[in-house]
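Take a look at the letters that make up each chain.
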Amino acid sequence: MRIGIMSTAHMHAHAYLDGLKKVNGVELVGVYDDQVSRGRTVANQHGVPFFDDAESMLKTCDAAIVCSENANHKRDVLRAAAAKVHILCEKPIATRAEDAAEMVRACQGNHVHLFMAMPVRCVASIRALRNVVQSGDLGEVVAMRGTNHGYMPGGWFVDKTLSGGGAVMDHTVHVADIMRWIAGSEVAQVYAEVDERIHHKGIDDCGILSIRFENGVFATLDPSWSRTDAYPTWGDVTLEVVGTRGTAAVDAFAQHINVYSTLDGKGTQHFYGDNMDDYLVREFLRALNGEPVLLATGIDGLRALEVASAAYQSAHEKQAVKLARASV
Amino acid sequence: MQPLRVLLIGAGTMGGVHADAYASMPEHAVLAGVIDESPERGRTLAERFGVSFYTALEEVPTDAFDVVDVCVPTPFHKEAVTKAAALSKDIICEKPLAPSVAEAEDMIQTCETYGVKLCVGHVVRFFPQYTAAKQMIASGKIGEVAVVNMFRGGPFPTAWQDWYNRRDYSGGVLLDLMIHDFDFLRSTFGEVDRVFAQEIPERDHLSYATATLRFKSGVIANLTGSWAHDKFHTSFEFAGSQGIIDDNTLKAASLTVHRNAREAGGAQGVSVPLTPTFENPYFKELRHFIEVFRDGIEPIVTAHDGLEAVRISTACMASALEGRPVKL
């Protein structure tokens with residue numbers, strides 16, 4: 001299986017390169033980047049060829065992992081689809097729902113896979129949570145409460161022309177996707193409070209989403225970039241499910257040791273659990289092999305983006321917004 | 001200074017807590033009598049403290065008490081407070097002050113007319129982790145607060161005639177439980193501009209709700225209240241421009257007592273987390289109220305605060321019912 005990386009704008013490009021190297025039968029074709037010096041540096045670090053032209057690399061790929069800036073996902077996915085190359089695309093799928101829909105249709109039309117790099121689907125405790133819900137042990141699901149706190153990543157993430165938005169764009173989709181997956185229902189309505197109160201980078205850095213699903217389940221989601229320098233860790237992924245017969249809660253990064261080092265100047269958390277990016281890469285490879293997988297598809301990516309877009313609209317209008325789902 | 005004589009109306013859960021508190025502050029207050037419509041329950045409590053039992057306020061000699069403490073279910077607060085005011089007695093009333101803004105306003109007006117003081121039992125203002133967090137925030141420790149997450153919940157409470165299970169009596173978690181946090185947040189961040197809430201429609205022995213508050217100061221708060229959980233606990237996280245303050249009572253138990261399985265009669269061992277302190281928050285609250293009546297000091301929480309908390313709760317209940325944000 002010949003795999004290439006399209007752009008290294010997203011730091012996860014390193015994680016995917018590392019992950020691919022651990023798997024037998026993978027040929028790392030190389031790295032393409034429209035920012036030559038950035039891409040060449042990463043390629044050299046990983047000992048793989050660098051391409052300054054996407055089509056040259058895609059010609060020799062079976063699949064590509066798209067790690068460009070959010071606004072450039074569409075460009076890269078359309079090029080890969082046209083080259084009949086299967087795709088794993090970073091999140092959010094795009095910055096606008098209509099772009100995401102176009103990407104999904106292009107992949108459908110070219111008969112290539114489009115999966116989302118949403119590794120929370122590959123976290124063991126999240127899969128176990130879904131199994132618990134499906135077993136009926138919690139009764140009927142009535143509500144969910146999720147967080148995907150983070151820190152302010154800087155760089156293109158705070159440039160709206162490249163990111164499409166701040167914390168809400170960055171940190172809504174992982175948990176919104178899992179909630180959809182577990183609720184087994186589409187999102188019907190979103191109400192959000194969104195603001196820029198923490199980092200003053202001219203882009204939203206905090207918010208609270210209230211989500212109602214078609215089947216009546218409701219949820220809240222906190223995607224804020226609220227972890228500042230003194231905090232011991234980058235953020236979290238938590239999800240609690242409330243049912244009529246019980247509750248269950250996941251803290252995806254609970255498996256950490258606490259390190260209090262004078263060399264660090266503050267306490268830190270060191271995660272020792274599964275590397276979810278490794279599992280994501282492996283499951284993508286299984287998908288390419290024709291095996292059934294539980295990854296988020298391009299359509300799941302579109303639906304998650306629609307939640308984030310609705311949140312921005314709701315915050316702007318100060319009203320609850322009914323979702324209009326793009327048909328794909 | 002003479003201890004004030006307190007006539008307790010309502011010998012249920014809160015009545016018992018209040019009676020215990022008065023017994024621990026003999027120089028401030030002494031229980032003078034217990035009123036309850038159930039002779040069985042009222043007499044038991046009265047005998048425990050060696051005081052007289054009555055079935056109605058009209059039976060009590062008016063010179064036998066100085067203060068009336070109202071601990072009956074919410075729908076009966078107005079009647080008790082009105083009668084006590086007409087007797088020119090200062091009044092302690094448990095939260096929520098009333099089930100509606102209109103009733104709360106009437107009660108305040110009545111007390112003003114009769115020239116009596118009314119203190120409302122918003123005891124969370126006396127819980128040490130909340131007061132500590134509030135002081136830290138006021139001192140600027142975490143900068144400009146951006147987003148707050150709070151949880152308060154546990155199993156469905158059992159009480160007189162299962163009154164919590166009647167939404168028209170208890171108001172569900174939005175009125176009965178989350179009002180604690182609405183009042184605390186208002187005392188910390190000022191007036192609320194708008195709310196958006198979601199709640200499980202009335203269901204047998206299940207209540208769970210979320211409320212998003214946007215304060216005029218710009219702070220965003222995400223509150224969850226539950227009578228669908230296991231162990232009762234509360235948690236908070238305040239995230240600001242300079243840091244984070246959090247707490248979870250599940251992790252703050254200073255004493256855990258475990259009976260092993262054999263001792264517990266073959267069932268799984270029972271763990272009882274306790275947080276013993278020499279002065280509990282109810283004690284501090286009631287002693288403060290007595291000092292307000294007797295020594296004329298400024299109350300930490302006023303009747304007006306009680307009214308405003310009801311205003312927030314009822315706005316949330318309307319929001320949840322109508323599926324739209326409500327401006328205060």
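Residues numbered from 1 in each chain as written. Chains lettered and ligands numbered in written order. Predicted model: local features only at pLDDT ≥ 70, side-chain atom pairs only at ≥ 80, totals over all residues. Heavy atoms only, no water.

K.L.:
When you look at the sheet that holds strand β9 (residues 206–213) of chain A in this model, what are you seeing that I'm missing?
P.N.:
To summarise the sheet geometry, strands pair through backbone hydrogen bonds and adopt either a parallel or an antiparallel arrangement. Residues and elements named next belong to chain A. Read from one edge of the open sheet, seven strands run β12-β11-β7-β10-β9-β8-β15, paired in mixed fashion. Two strands lie at the open edges of the sheet, namely β12 (247–251) and β15 (321–322), each paired on one side alone. Note: strand β7 (residues 141–147) against strand β10 (residues 218–222), five bridges, orientation parallel. The partner of Met144 across the bridge, within β10, is Ala219. (Pairing = 2+ DSSP bridges. Helix = DSSP H or I, 4+ residues; strand = E, 2+ residues; numbered from the N terminus.)

K.L.:
Can you walk me through the pairing of strand β1 (residues 2–6) of chain A in this structure?
P.N.:
All names here are of chain A. Within β1, four of the five residues are buried, leaving the element largely enclosed by the surrounding structure. As defined by bridge partners, β1 adjoins strand β2 (residues 27–32) across five bridges and the pair is classed as parallel. Within the sheet, the bridge partner assigned to Met6 lies in β2 and is Tyr32. Remark: the β1/helix α1 (residues 12–21)/β2 crossover connection has right-handed handedness. Sheet topology note: the β1/strand β4 (residues 63–66) ladder contains four bridges and is parallel. Paired with Met6 across the two strands is Val66, which belongs to β4. (Buried < 20%, exposed > 50% of the residue type's maximum accessible area, 1.4 Å probe, protein only. Right-handed = clockwise from strand over helix to strand, strands pointing away.)

K.L.:
Explain the sheet that holds strand β7 (residues 145–153) of chain B to me, please; I cannot follow it from the model alone.
P.N.:
Residue and element names in this part refer to chain B. Pairing within the open sheet is mixed, and its seven strands lie in the order β12-β11-β7-β10-β9-β8-β15. Looking at strand neighbours, the two that pair on one side only are β12 (243–248) and β15 (326–327), the edges of this open sheet. In the packing of helix α8 (residues 179–189) onto the sheet, the strands contacted are β7, β9 (208–215), β10 (220–226) and β11 (233–240), and the crossing angle to β7 comes to about 155 degrees. Packing against the sheet, helix α10 (residues 303–322) makes contact with β8 (192–199), β9 and β15, and its axis sits at approximately 50 degrees to β8. (Contact = heavy atoms within 4.5 Å. Axes fitted to C-alpha atoms, helices over the stretch in contact; angles between N-to-C directions.)

K.L.:
What is the right way to read the side chain of Arg130(A) from this model?
P.N.:
Residues and elements named next belong to chain A. Among the secondary structure elements, Arg130 is positioned in helix α6 (residues 124–135). With no salt bridge to any partner, buried Arg130 finds its closest opposite charge in Glu283, at an N-O distance of 9.3 Å. Setting aside its immediate chain neighbours within four residues, Arg130 contacts Trp181, Ile182 and Leu294. (Lys, Arg positive; Asp, Glu negative; His and termini not counted. Salt bridge = Lys/Arg side-chain N within 4 Å of Asp/Glu carboxyl O.)

K.L.:
It is not clear to me how a nonpolar patch on the surface should be interpreted in this structure. Could you clarify?
P.N.:
All names here are of chain A. A surface patch of nonpolar side chains, about 290 Å² in accessible area, is lined by Met11, Tyr151 and Trp234. Residue placement: Met11 occurs in the loop between β1 and α1. For Met11, a relative accessible area of 39% puts it in the partly exposed group. (Patch = residues over 30% accessible without salt bridge, like charges linked within 9 Å, V, L, I, M, F, W, Y side chains within 5 Å. Areas by Shrake-Rupley, 256 points an atom, 1.4 Å probe, with all protein chains shown as cover.)

K.L.:
What should I look at first to understand the packing of helix α9 (residues 173–183) of chain A against helix α11 (residues 298–317) of chain A in this one?
P.N.:
Two packed helices can be described by the angle between their axes and the distance between those axes. Residues and elements named next belong to chain A. One way to put it is that α9 packs onto α11 with a least axis distance of 9 Å and a crossing angle of 115 degrees. Here α9 is positioned roughly perpendicular relative to α11, judged by the angle of their axes. The crossing of α9 and α11 is right-handed. The segment α9 lies against α11, with Val173, Ala176, Asp177 and Arg180 engaging Asp300, Arg303, Ala304, Leu305 and Val307. Classifying every residue of the contact of α9 with α11 gives five nonpolar, no polar and four charged. (Parallel < 35°, antiparallel > 145°, perpendicular 65-115°, else oblique. Left-handed = near helix turned anticlockwise from the far one by under 90°. Nonpolar A, V, L, I, M, F, W, Y, C, P; charged D, E, K, R; others polar.)

K.L.:
Just checking my understanding: could you explain the interface of chain B and chain A for this structure?
P.N.:
As a measure of interface size, the accessible area lost when the parts come together is often cited. Contacts between the two partners involve 36 residues from chain B and, on the opposite side, 35 residues from chain A. Around 2,900 Å² of area is buried between chain B and chain A when both sides are counted, 56% of it from carbon and sulfur atoms. Interface area lost by chain B to chain A is led by Phe196(B), Gln198(B) and Tyr208(B), which between them contribute 18%. At the surface where chain B touches chain A, the tally comes to six salt bridges. Arg197(A) is the partner of Glu144(B) in a salt bridge, and the nearest nitrogen-oxygen pair spans 3.7 Å. Where chain B touches chain A, the interface holds 13 residue pairs in polar contact (both at pLDDT 80 or more). Within the residue set of the side of chain B that touches chain A, elements represented by two or more residues are β7, β8, β9, β10, β11 and β12 of chain B. The residue makeup of the side of chain B that touches chain A, split by class, is 15 nonpolar, 14 polar and seven charged. (Buried area = accessible area lost by both parts, 1.4 Å probe. Polar contact = N/O pair within 3.5 Å; in protein donor to acceptor, adjacent residues only side chain to side chain.)

K.L.:
What's the story with the pattern of salt bridges in this structure? I'm lost.
P.N.:
Two side chains that carry opposite charge are able to pair once their charged atoms sit near each other. All names here are of chain A. Tallied over the full model, the rule gives 50 salt bridges over all chains. With a shortest N-O distance of 3.7 Å, Asp34 and Arg38 are connected by a salt bridge. The closest approach of N and O atoms between Arg75 and Asp34, which form a salt bridge, is 2.8 Å. Placement of the pair is Arg75 in helix α4 (residues 73–82) and Asp34 in the loop between β2 and α2 (36–46), with a sequence separation of 41 residues. Accessibility expressed as a relative area gives 27% for Arg75, which makes it partly exposed. Connected via shared salt-bridge partners are Asp33, Asp34, Arg38, Glu69, Arg75, Asp76 and Arg79.

K.L.:
Would you mind showing me how to read unusual backbone geometry here?
P.N.:
Negative phi characterises most residues that are not glycine, and trans characterises most peptide bonds. The omega torsion across Lys91(A) and Pro92(A) is -10 degrees, close enough to zero to call that bond cis. Pro96(B) follows Lys95(B) through a cis peptide bond whose omega is -10 degrees. Within the fold, Pro96(B) resides in the loop between β5 (90–94) and α4 (101–114). Positive phi outside glycine occurs at Ser7(A), with the angle close to 75 degrees. On the basis of relative accessible area, Ser7(A) is assigned to the buried category, the value being 0%.

K.L.:
How should the confidence of the model for chain B be read in this particular structure?
P.N.:
The predicted structure's coordinates, where accompanied by low pLDDT, should not be read in detail. For chain B, per-residue confidence averages 94 on the pLDDT scale, and 95% of positions sit at 70 or higher. We note a pTM of 0.96 for the whole complex and an ipTM of 0.96 for its interfaces. (pLDDT = per-residue confidence, 0-100.)

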